[in-house]
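A closer look at the structure
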Amino acid sequence: MRYLHTMLRVRNLDVALKFYSDALGLKEVRRTESEKGRFTLVFLCADEDESLLKQVKGRGAPLVELTYNWDEEAYGEDRYFGHLAYEVDDIYATCDRLMKLGITINRPPRDGQMAFIRSPDLHSIELLQKGDALAPKEPWSSMPNTGHW
């Protein structure tokens, strides 16, 4: 397993970028705009970590992901922290092992690419398949979401 990023929700992307970039010195390394989903994702890294982005194929690491939802939402203080993200070698095997340990898979890896679980303190943890998505297969393909993440 490899640490990827921590996601933080922000109310004002410009103000957040001023803080993380100007005050902390983090550098924007990737941006995704989704008209359909009505959100912007901005990934930041520290200067000393930038070389890791070039060395590691795929997602790179470690990053801070700022998530700006275009439509205002009331998260409450506890939901501005979004999630930790880890890359795993086999998402199906990882989820199977976690289930055997009694951990609920809140968002199963139906797409062979992404799953979510929660810690005992209800922190969301995203698991992402290393490389290309695995082919969809049961029981994951038809497994419903449980709770929220």
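Here the structure is a predicted model, which means the values were calculated and not measured.

Quick notes on the overall build of the protein chain
When its secondary structure is counted, the protein chain shows 3 helices and 8 strands. Traced from its N-terminal end to its C-terminal end, the protein chain shows the element sequence β-α-β-β-α-β-β-α-β-β-β. What you see for the protein chain is a C-alpha radius of gyration of 16 Å, in line with the 15 Å of a compact globule of 149 residues. Projecting the C-alpha coordinates of the protein chain onto the three principal axes gives extents of approximately 45 × 40 × 30 Å. Expressed as a percentage of contacts within the protein chain between residues at least 6 apart in sequence, the contacts between residues at least 24 apart total 62%. Carbon and sulfur atoms make up 54% of the accessible area of the protein chain, which amounts to about 8,900 Å² in all.

Side note on unusual backbone geometry
Trans is the prevailing form of peptide bonds, just as negative phi is the prevailing case for residues other than glycine. The omega torsion across E138 and P139 is 5°, close enough to zero to call that bond cis. Its identity is not glycine, yet R38 carries a phi of approximately 60°, on the positive side. R38 gets classed as partly exposed once you look at its relative accessible area, which sits at 34%.

What about the sheet that holds strand β1 (residues 2-9)?
The mixed open sheet is built from 8 strands, whose spatial order is β2-β3-β4-β1-β5-β8-β7-β6. Edge positions in the sheet fall to β2 (27-34) and β6 (105-107), since each of these pairs with one other strand and no more. Taken pair by pair, the neighbouring strands of this sheet meet at an average axis angle of 30°, ignoring direction. Sheet analysis places strand β7 (residues 114-118) next to strand β8 (residues 124-129), joined by 5 bridges and oriented antiparallel. Each bridged residue has a counterpart across the sheet, and for M114 the counterpart in β8 is L128.

Description of the packing of aromatic side chains
Considering all chains together, one arrives at 4 aromatic pairs under this definition. Taking the centre distance of 4.9 Å and the plane angle of 85° together, the rings of F19 and Y20 count as edge-to-face. Relative accessible area serves as the criterion here: at 44%, F19 is assigned to the partly exposed category. Taking the relative accessible area as the measure of exposure, Y20 reaches 17% and is therefore buried. Here the aromatic rings of Y92 and W140 are separated by 6.1 Å at their centres, their planes lie at 10°, and the arrangement is stacked. Taken together, the positions of Y92 in helix α3 (residues 91-100) and W140 in the segment after β8 put the pair 48 residues apart, joining distant regions of the chain. The aromatic ring of F43 is capped on one face by R30, whose charged end is 4.0 Å from the ring centroid.

Quick word on the pairing of strand β4 (residues 63-69)
With 5 of its 7 residues buried, β4 lies for the most part within the structure. When β1 meets β4, the two strands line up parallel, connected through 5 bridges. Within the sheet, the bridge partner assigned to R9 lies in β4 and is T67. Of the pairings in the sheet, the one linking strand β3 (residues 39-45) to β4 comprises 6 bridges and is antiparallel in character. The residue of β4 that forms the bridge with V42 is L66.

Examining the environment of P139
With respect to the helices and strands, the residue P139 is situated in the segment after β8. Expressed as a C-alpha distance, the spacing of P139 and E126, which sit 13 residues apart in the sequence, is 19 Å.

With respect to the domain arrangement of the protein chain
Segmentation of the protein chain into domains returns domain 1 (5-69) and domain 2 (84-142). Domain 1 and domain 2 are separated by 23 Å when their C-alpha centres are compared.

Definitions and cut-offs
Residues numbered from 1 in each chain as written. Predicted model: local features only at pLDDT ≥ 70, side-chain atom pairs only at ≥ 80, totals over all residues. Heavy atoms only, no water. Helix = DSSP H or I, 4+ residues; strand = E, 2+ residues; numbered from the N terminus. Rg over C-alpha atoms; globule rule 2.2 N^0.38 Å. Contact = heavy atoms within 4.5 Å. Areas by Shrake-Rupley, 256 points an atom, 1.4 Å probe, with all protein chains shown as cover. Buried < 20%, exposed > 50% of the residue type's maximum accessible area, 1.4 Å probe, protein only. Pairing = 2+ DSSP bridges. Axes fitted to C-alpha atoms, helices over the stretch in contact; angles between N-to-C directions. Phe/Tyr/Trp six-rings, centres within 6.5 Å; stacked < 30°, edge-to-face > 60°. Lys NZ or Arg CZ within 6 Å of the ring centre and 35° of its normal. Domains from an automatic or database assignment.

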